[in-house]
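Coordinate analysis (summary)
The residues making up each chain are set out below.
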Amino acid sequence: MSHTEQHRWAEQTLAKIQRKTFHAIQQAKDLPFIPYTVKDHQWQEGPFDGLCWWTNGFWPAQMWQLFAATGEPQYLAEARHAETMLDQAFADFDHLHHDLGFMWRISSGFDFDLTGDPKRRESTLFAANLLAGRYNPNGFIRAWNEDKTGWVIIDCMMNLSLLYWASEQTRDPRFRLMAQKHADTVLRHFIRPDGTSEHIVVFDPETGAVIDKPGGQGYGAGTVWSRGQAWALYGFAISYRHTGKQTYLNAARRVADAFIPCVCKDWLPDCDFRQPPEPIVKDDSAGAIAACGMLELAEVLGDTGEAYRTAAYAMLRAMEAQHADWSEAYPAILTHCTGAYHSQERHIAMVYGDYYLIEGVCRLLGNTKLRW
Ligand code: GLY
C-alpha cells in the first residue's frame, strides 16, 4: 500500500473520528469523572482509585491530538474540563503510582506544548517530581504501592517520557538520568533474547537483585502479554528519541521484530502471544500502541523503517475495519480491548485503545506536533 493510499485512509478515518468524538464529548462534558470504558452505551469511570486511575490522561490526550489536527475549540474546552478534574488527584497522594506519565505528560503536558499555559507546565512538572520520587537508587522506578517496594513493570517505559520532558524543560539532567537508569535496568532484566519482554520483574529494593519474574496481565509467567510488548516497543523508541542512545533503538527494533510475526496472520493482536488457541482473546489496544511505536521507528529510520510503517498501517486498518463502532449512540471507537487475560474486561472499549488509534492516524497524516 503506497504512502498516498495510507494518507487517504487516514484522512477518511480522521473524519470519522471527528464525527464520533463530537457525540462522545456531548456525553462526557458534564460528567464528574473522566471516561475509561463504555457500559450500556454510556461512559464509565475506572474501576477503582477514582481520579488516580492510571488511564485518566488519555481522554484529554485524545482531545489534544484532535485539537492539534483541526484547531477546533471544542477539543480544547473538553481537555481543560478533564485536566481540572485530574489535578484534584494530586491531593490523593497515597493512591498515585508510577503512571504519572500516562496521566500528566499527555494531558497537561500536551496542553502546555500546544498552548504554552504556565499553569499546565506547573502541573506537569509537579507530576514529574512525584515520579522522580519513586526512583530507587538501585536503578529502577517503583511501579505500585503498599508492600510492592521492588516491583517494576514494563508499562513504565512509557512514563519515562514525563522525566525526559522535565529535564528538557528545567535543563536539570536528574530526571533524564533516572529515566536512562530505569531503561538500562529494563533492557538488562526484562527483554529476553528472543526480543519478547517480561511484564513484571520484582527486585530486592535494598540491593537491586532480581527476586522474581511473576505473571502479570498476560496468560502466565514467562508468556508474552501483547500490550506489554507494545509498551516496551514504543517506550524504547521514545527513550531513543530523547537520548540518542543506539542501544534503545536496537531494543525497540528487536521487540518490534518479535511482535510482527505474532500478529501478521490477521493484524489483530491476541491478548497474549502464547495464550491457548481457544478462547480467542484479542486486544486492540496492543495493536494501536504497537502501531504508534512502529510509526515512531519508521520516522527515525527513514527508508530502512518501511516494514514498520507497513505493519503499523496494517494493524490500524484491520482494527478500524473489523473492530470499530462508528455509531453515534456508542461513545468509544474500538470494541475489542482487553484489560488482562484473566479479567472480566475482555473485548470492551478502553479509552487508551482509542487514544493510540487516534495518535496512529494523526501520525500517518504527518501530524507530529505532539510527542511523548
Ligand atoms: N498500564 C496498565 C495496563 O497496560 O494495563
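Presented here is an overview of the structure given in this document. (Residues numbered from 1 in each chain as written. Predicted model: local features only at pLDDT ≥ 70, side-chain atom pairs only at ≥ 80, totals over all residues. Heavy atoms only, no water.)

**Here's the deal with helix H6 (residues 118-132)**
Under the convention used in this document: Helix numbering and strand numbering both begin at the N terminus, where a helix is a DSSP run of H or I of at least 4 residues and a strand a DSSP run of E of at least 2. Here the expected span of a helix is defined as 1.5 Å times the quantity of residues minus one. The rule is simple: take the accessible area with a 1.4 Å probe, protein chains only, and divide by the maximum for that residue type; under 20% is buried, over 50% is exposed, in between is partly exposed. Within 3.5 Å is the distance limit for a polar contact, defined as a pair of N or O atoms, with the added protein rule that one can donate a hydrogen and the other accept it, and that residues adjacent in sequence qualify only through two side-chain atoms.
Across its 15 residues, H6 extends 21 Å between first and last C-alpha, which sits within 8% of the 21 Å expected from 1.5 Å per residue. Where H6 is concerned, the buried positions are Arg-120, Ser-123, Thr-124, Leu-125, Ala-127, Ala-128, Leu-130, Leu-131 and Ala-132. The backbone nitrogen of Lys-119 has a side-chain oxygen 2.9 Å away, supplied by the residue at the start of H6, namely Asp-117.

**Focus: the nonpolar core**
Let me state the cut-off plainly: We define the nonpolar core as a collection of buried residues of types Ala, Val, Leu, Ile, Met, Phe, Trp, Tyr and Cys that are connected through side-chain atoms lying within 4.5 Å of one another. Note on contacts: a residue pair is in contact if any heavy atoms of the two residues lie within 4.5 Å.
If you look at the biggest cluster of nonpolar residues, it comprises 129 residues, and the most contacted ones within it are Phe-58, Trp-59, Met-294, Tyr-356 and Trp-372. With ten residues, the single largest contributor to this core is helix H11 (residues 284-301). Excluding residues within four positions of it along the chain, Tyr-356 makes contact with Phe-58, Phe-102, Met-158, Trp-231, Tyr-234, Ala-288, Ile-289, Cys-292 and Trp-372.

**A few points about the pattern of salt bridges**
Oppositely charged side chains can pair when the atoms bearing their charge come close. For clarity, the threshold we go by: We define a salt bridge as a side-chain nitrogen of Lys or Arg found within 4 Å of a carboxyl oxygen belonging to Asp or Glu.
According to the stated counting rule, one finds 24 salt bridges in the structure shown. The closest approach of N and O atoms between Lys-16 and Glu-320, which form a salt bridge, is 2.8 Å. On the criterion of sequence distance, the pair formed by Lys-16 in helix H1 (residues 3-28) and Glu-320 in helix H12 (residues 306-323) is long-range, its members being 304 residues apart. Given the relative accessible area of 27%, Lys-16 is considered partly exposed. It is possible to trace a salt-bridge network through shared partners that takes in Arg-241, Glu-296, Glu-299, Glu-359, Arg-363 and Arg-371.

**Quick notes on the sheet that holds strand E5 (residues 151-153)**
For clarity, the cut-off: Pairing between two strands requires that DSSP report at least two bridges joining them. Angles shown run from 0 to 180 degrees and are taken between the N-to-C directions of axes, each axis being a line fitted to C-alpha atoms and, for helices, limited to the stretch in contact.
Spatially, three strands are ordered E5-E6-E7 in an open sheet, and the strand pairing comes out antiparallel. Two strands close off the open sheet at either side, each with one partner strand: E5 and strand E7 (210-212). Averaged over all pairs of adjacent strands, the angle between their axes in this sheet comes to 40°, without regard to strand direction. Strand direction decides the pairing type here: strand E6 (residues 200-203) and E7, joined by two bridges, are antiparallel. Counted as the bridge partner of Phe-203 is Val-210 from E7.

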